[in-house]
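# Understanding the architecture of this molecule
Letter by letter, the chains look like this.
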Amino acid sequence: MKEFSIDRNTEGQRIDRYLSDELEDRSRSYIQKIMKEGYVKVNQKPVKSNYRLSFGDSVEVTLPEAKEPDIVPENIPLGILYEDQDIIMINKPKQMVVHPAPGHYSGTLVNALMYHCGDELSGINGCMRPGIVHRIDMDTTGSLVVCKNDKAHQSLSEQLKVHSIRRIYVAIVHGNIKEDSGTVNAPIGRHPTDRKKMSTHCKNGRDAVTHYKVLERFGDYTYIQCELETGRTHQIRVHMASIGHPLVGDEVYGPKKCPFKGLQGQTLHARTLGIIHPTTGKYLEVNAPLPEYFIELLDRLRNIVNMVVPDARSDIKLRKILESNYTTEKCWNAQQKKVVSVKNFLRHMMRNLPTVFCILWLWILILSGILHPVTQICQLIIRFFLPSSIQSVR
């Protein structure tokens, strides 16, 4: 049973919305369902889902035992970064769900762990999430720690609670971040209208802090490092989108159409994970290497920035240029010649601008006939100051 005490910041809210915010892994429809069955009480009395909370209310929630399907161990290769008798640290690939959920009962990290570890996984989170102490999104790659026993699970849960675990991510975002580093300090909670999303614009958001640092700039894109102080759902994705720099490939918080064909989901990688070992008490840190798709995208952006591609109007033409070193060098040299020619012409014009201006002005005076008495004087000036080559033009 879970208990909640209502303070001034949450009074007046509907209880079903409040509980869906507090119980992040439970949907609002699920909350409404168990309320009809009497599993939610306010001040020891059942209430309806439209009940408005009052200051000082005591909310009790009893979550009924779910009928959980049998999770089958599967022989799925694991990228193991570290392993001992207490923990195992994994480099999770893209498109892998961490634990079974509706629509994903196979091919998950838990299926792979059950095959690799057998019964050596902590049971605190039940048979659906054995060993799982924290999660990363399906399309996020990188380091993740799993517990093999309850003692290790309790130790790491406490470290997560006090935010002592070191978590550093790398990402590619839209736009050119002007500052070399910065901090986003904005509470995160359920989106007020789209309950599947998180948002910084909500009444009851939880404290969330993300420190970012620019690693490399590519004009319209920026390669950054993000270090978390907290670990809210979708934290980096929400925070970077809130400052106008959503992650490349993130169709939930960024542009609906990805600018790079074939990219699946957000470009986000959990690179560094540092913990206090639950048994030795020593600091342990692992670094997950960048996945292949991430490296290829970085190389592509570097190639685009470091070369001049004339008339690159299509992605197909750009790809052909990137695939041929000879064509790239040829285009580069031709463009450089054009640039040099234009620069020389402009430099020549600037040097002779006073002379050209004087010639034009004098010819206008002479041809207009407005100052006819001065015409002879002007002609004498021209003959005296200008070289014979220009006089012959006259």
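Coordinates for the structure precede this section.
Scoring rules and cut-offs
Residues numbered from 1 in each chain as written. Predicted model: local features only at pLDDT ≥ 70, side-chain atom pairs only at ≥ 80, totals over all residues. Heavy atoms only, no water. Phe/Tyr/Trp six-rings, centres within 6.5 Å; stacked < 30°, edge-to-face > 60°. Helix = DSSP H or I, 4+ residues; strand = E, 2+ residues; numbered from the N terminus. Buried < 20%, exposed > 50% of the residue type's maximum accessible area, 1.4 Å probe, protein only. Core = buried A, V, L, I, M, F, W, Y, C linked by side-chain atoms within 4.5 Å. Contact = heavy atoms within 4.5 Å.

One pass over the structure, following the stated rule, counts four aromatic pairs. Ring centres 6.0 Å apart and planes at 85° place the aromatic pair phenylalanine 4 and tyrosine 18 in the edge-to-face group. With phenylalanine 4 in strand 1 (residues 2-5) and tyrosine 18 in helix 1 (residues 15-22), this residue pair connects regions lying 14 residues apart in the sequence. With respect to burial, phenylalanine 4 and tyrosine 18 carry one shared label: buried. Site record: aromatic cluster; members linked through ring pairs are Tyr223, Tyr293 and Phe294.

Looking now at the environment of serine 157. Checked against the element boundaries, serine 157 lands in helix 4 (residues 150-161). For the pair serine 157 and histidine 134, spaced 23 residues apart in sequence, the C-alpha separation works out to 8.4 Å.

Counting 31 residues, the largest nonpolar core has Leu113, Ile224, Ile236 and Met240 as the members making the most contacts within it. Those elements that place two or more of their residues in this core are strand 6 (87-92), helix 3 (109-117), strand 7 (141-147), strand 8 (166-174), strand 12 (209-217), strand 13 (221-228), helix 5 (235-242) and strand 14 (268-276). Broken down by element, this core gets its largest block of residues, four residues, from helix 3. Methionine 240 has contacts with Val173, Ile177, Tyr212, Ile224, Cys226, His245, Pro246 and Leu247, leaving out every residue within four places of it along the chain. Judged by nonpolar contacts, the second largest core, of 15 residues, contains Phe4, Leu19, Leu23 and Val42.

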